[in-house]
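Spelled out, the chains give:
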Amino acid sequence: MKKIFLYIIFAIALLLNSNAQELNCNVVVNADKLPTLNKRIVSSMQKDISEFMNSHRWTDLQYQQNEKIECSLIIILNQAESDKLYKAEIQVQARRPVFNSTYYTPLFSFRDENFSFEYVEMTPLEYNDGIFMSNLTSVLAYYAYIIVGYDSDSFSKLGGTASFRKAEAIVNLAQGQSEKGWKAFEDPRNRYSLVTSLLDESMRPFREFYYEYHRLDLDAMAENTAKAVSRITLAMQVLRDVNRARPSNVVLTSFLDTKRDEIINIFSKASPKDKTDAYKLLMDIDPSQSTKYDAILK
């Protein structure tokens, strides 16, 4: 009887493991600017948001425990307008491992300064696709889909489209809301601009490059570093074309903010020709960061 019981427990564990949620999200709520705010509320808020991000199933895909997407949310509370209404900013990051290495490559890094929401302690955070239930859960769900989309794009060409469409649907539902961050022409770097740019046909070459950069080049770095770096050099020509077609596009600037240090590190160890070609391209599309790119040539 004991063996049967143990077998059942083992089978349940396997089942739960094979249907793991997509995200392994570390959530931090920073209330340093609100010294009088009850620390218990901050702790509860952090716990509830963490459970929301990590317990919800965002796709129909099957994720093993070790396949969960490593990501983080840092929510900085800037103002408490009442005992339940907050103005904040949210910093979102995601990463994934590079094959045959211990290195994690950053996938997405984004700072959203227009994040206002209501939070009432002991009140469940509710969310359903197709219904705008609150600005808090809508923003969280939006970034969950963006994270899953970027991760999927890094493993298969245009693989994140379904998730980006989910994020776009949230944006569409939010058009009638008063909170900032959702509307066209409001801010070239808001939630609307990010997801509509990702899904715009003009950005297809960038998304195909994003897949090649990660899956065909970074993941092959351990096998033949010089070849992988040369492939990245050639592939990055797409960034110049995208920049000329849509200067200062939020998707491209977000990519550069996310990848700048990694790209500098890659090319600082490259062949002289790859160093020079990469440096010229980066100076063309991202001249404001010229002092950082100088490190490539040293």
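Residues numbered from 1 in each chain as written. Predicted model: local features only at pLDDT ≥ 70, side-chain atom pairs only at ≥ 80, totals over all residues. Heavy atoms only, no water.

## With respect to the packing of helix H3 (residues 135-155) against helix H5 (residues 191-199)
- Packing of H3 against H5 brings their axes to within 12 Å, and their N-to-C directions diverge by 30°. Relative to H5, H3 is oriented roughly parallel. Here the hand of the crossing between H3 and H5 comes out left-handed. Taking contact as the criterion, the partners of Val 139, Tyr 142, Tyr 143, Ile 146 and Tyr 150 in H3 are, on H5, Arg 191, Leu 194, Val 195 and Leu 198. (Axes fitted to C-alpha atoms, helices over the stretch in contact; angles between N-to-C directions. Helix = DSSP H or I, 4+ residues; strand = E, 2+ residues; numbered from the N terminus. Parallel < 35°, antiparallel > 145°, perpendicular 65-115°, else oblique. Left-handed = near helix turned anticlockwise from the far one by under 90°. Contact = heavy atoms within 4.5 Å.)

## Considerations on the environment of Tyr 211
- Position of Tyr 211 among the secondary structure elements: in helix H6 (residues 204-217).
- Expressed as a C-alpha distance, the spacing of Tyr 211 and Ser 156, which sit 55 residues apart in the sequence, is 6.2 Å.
- Contact partners of Tyr 211, with chain neighbours within four places excluded, come to Asp 153, Ser 154, Phe 155, Ser 156, Lys 157 and Leu 216.

## As for the confidence of the model for the protein chain
- Of all residues in the protein chain, 94% have pLDDT values of 70 or greater, and the mean over the chain is 93.
- Ignoring residues within four places in sequence, the model shows residues 1-18, a span with pLDDT below 50, making 6 contacts including any to other chains. (pLDDT = per-residue confidence, 0-100.)

## Re the pairing of strand S4 (residues 104-118)
- Relative to S4, strand S3 (residues 85-97) is paired through 12 bridges, and the arrangement is antiparallel. Counterpart to Arg 95 in the pairing with S4 is Pro 106. (Pairing = 2+ DSSP bridges.)

## Here's the deal with empty space enclosed by the protein
- According to the stated counting rule, one finds 1 cavity of 30 Å³ or more in the structure shown.
- Every residue lining the largest cavity is listed: Tyr 127, Asn 128, Asp 129, Gly 130, Ile 131, Phe 132, Ser 138, Ile 170 and Leu 173.
- In terms of residue class, the lining of the largest cavity is made up of 5 nonpolar, 3 polar and 1 charged. (1 Å grid on protein atoms, 1.4 Å probe; cavity = no way out; pocket = protein on both sides within 12 Å on 5 of 7 lines; lining within 4 Å. Points joined across faces, edges and corners; volume = space filled by probe spheres on them. Nonpolar A, V, L, I, M, F, W, Y, C, P; charged D, E, K, R; others polar.)

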